[in-house]
Amino acid sequence: MESTGTVLRALRGAQKTSKGVSLYSRYVNRPAGRVLATGAYRCGLTPNQVTLVSAAFTFASIAAVASTAPSWTLGLLVWAGLVVGFAFDSADGQLARLTGRGGPDGEWLDHVVDCAKMILVHTAVLISFYRFGERTGGAWLLLPLGFLFVAVLTFCAGLLREQLGKAAAAAVAVPAPRPPEPAPAAPVSRVRAVALLPADYGVFCLVFLLLGAPAAFRAGYALLAAVHALFLVAFLAKWFRELRALRAEG
């Protein structure tokens, strides 16, 4: 079997583009996923098994939020579990590209876990507010519901944008008489990578470190909900313009 260094080098050459990726995902989550993918490869795990490991860490952490009274210890454990689950979520795709064992079943499973994760994490916060927030008013219970709506709509709209864009591009594609010259890669915008940080799931996980201070957690969670709502509006407008442009091309 290849050495760890050889596998790591192969994974570095099999990364997805950094376009539209925040600094956290580029410099923290993907490198961590690369290390985990190397370990999974040497253990003989399949990409789907890595996805299930990701789900185990994530769902165990989410269950702890809903079932345990908030504390600093709980916050640290939840954050660690969510971050490790997110890193394994990156590792499954990297392992699939390394081994060539990816497929529609793996992509489907990955999206199912991602969708369940975003639904359950905000549901767990809602349950925690209800069970342990004795001094909070009922209005606070609307906050996780609003955040859940924003998260699911962003996920579904983004997925539809990707699939409809592929279908539209395939419909207007004209066979070329000979392979085109490869275009130079566009530089990755550092400003955009910084601007996308508030919408990154890894940054969202940080708010759980505040579970030991319920008021600070609610404030941080509310701030992230507002930022995600603003990103949703911007994303919807951008995706609509892009799809309309594709229709005009057809």
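Heads up: the structure comes first, above all this text.
Enquirer: Would you mind going over the overall build of the protein with me for this structure?
Expert: Of regular secondary structure, the protein possesses nine helices and zero strands. Listing the helices and strands of the protein from first to last along the sequence gives α-α-α-α-α-α-α-α-α. Once local pairs closer than 6 in sequence are excluded, the contacts in the protein between residues at least 24 apart make up 83%. Total accessible area computed for the protein in this model is approximately 13,900 Å², and 69% of it derives from carbon and sulfur atoms.

Enquirer: Teacher, can you tell me more about the environment of A40 here?
Expert: Looking at where A40 falls in the secondary structure, it is placed in helix α2 (residues 23-43). For A40, a relative accessible area of 4% gives the class buried. Spatially, the C-alpha atoms of A40 and A91 are 8.4 Å apart, while their sequence positions differ by 51 residues. Excluding residues within four positions of it along the chain, A40 makes contact with L45, V50 and L95.

Enquirer: I'm lost on the packing of helix α4 (residues 72-99) against helix α5 (residues 104-132) in this one. Help?
Expert: The geometry of a pair of packed helices is captured by two quantities: the angle between their axes and the separation between those axes. Where α4 contacts α5, the axes come no closer than 11 Å and their chain directions differ by 165 degrees. The angle between the axes of α4 and α5 places the two elements in the roughly antiparallel class. α4 and α5 meet at a crossing whose hand is left-handed. In this structure, α4 uses F86, D89 and D92 to contact α5, whose residues at the interface are D110, D114 and K117. Along the lines of polarity and charge, the residues of the contact of α4 with α5 split into one nonpolar, no polar and five charged.

Enquirer: Honestly, the packing of aromatic side chains in this entry has me stumped. Any pointers?
Expert: Each aromatic ring pair is specified by the distance between its two centres and by the angle formed by the two planes. Within this structure, the stated rule accounts for 15 aromatic pairs. Note on F129 and W140: the rings are 6.5 Å apart at their centroids and 75 degrees apart in plane angle, and the pair reads as edge-to-face. On the criterion of sequence distance, the pair formed by F129 in helix α5 and W140 in the loop between α5 and α6 (142-172) is long-range, its members being eleven residues apart. A relative accessible area of 30% places W140 in the partly exposed class. Grouped by ring-pair contacts, the aromatic residues Y24, F86, F129, W140, F147, Y201, F204, F208, F217 and Y221 constitute a single cluster.

What counts, and at which threshold
Residues numbered from 1 in each chain as written. Predicted model: local features only at pLDDT ≥ 70, side-chain atom pairs only at ≥ 80, totals over all residues. Heavy atoms only, no water. Helix = DSSP H or I, 4+ residues; strand = E, 2+ residues; numbered from the N terminus. Contact = heavy atoms within 4.5 Å. Areas by Shrake-Rupley, 256 points an atom, 1.4 Å probe, with all protein chains shown as cover. Buried < 20%, exposed > 50% of the residue type's maximum accessible area, 1.4 Å probe, protein only. Axes fitted to C-alpha atoms, helices over the stretch in contact; angles between N-to-C directions. Parallel < 35°, antiparallel > 145°, perpendicular 65-115°, else oblique. Left-handed = near helix turned anticlockwise from the far one by under 90°. Nonpolar A, V, L, I, M, F, W, Y, C, P; charged D, E, K, R; others polar. Phe/Tyr/Trp six-rings, centres within 6.5 Å; stacked < 30°, edge-to-face > 60°.

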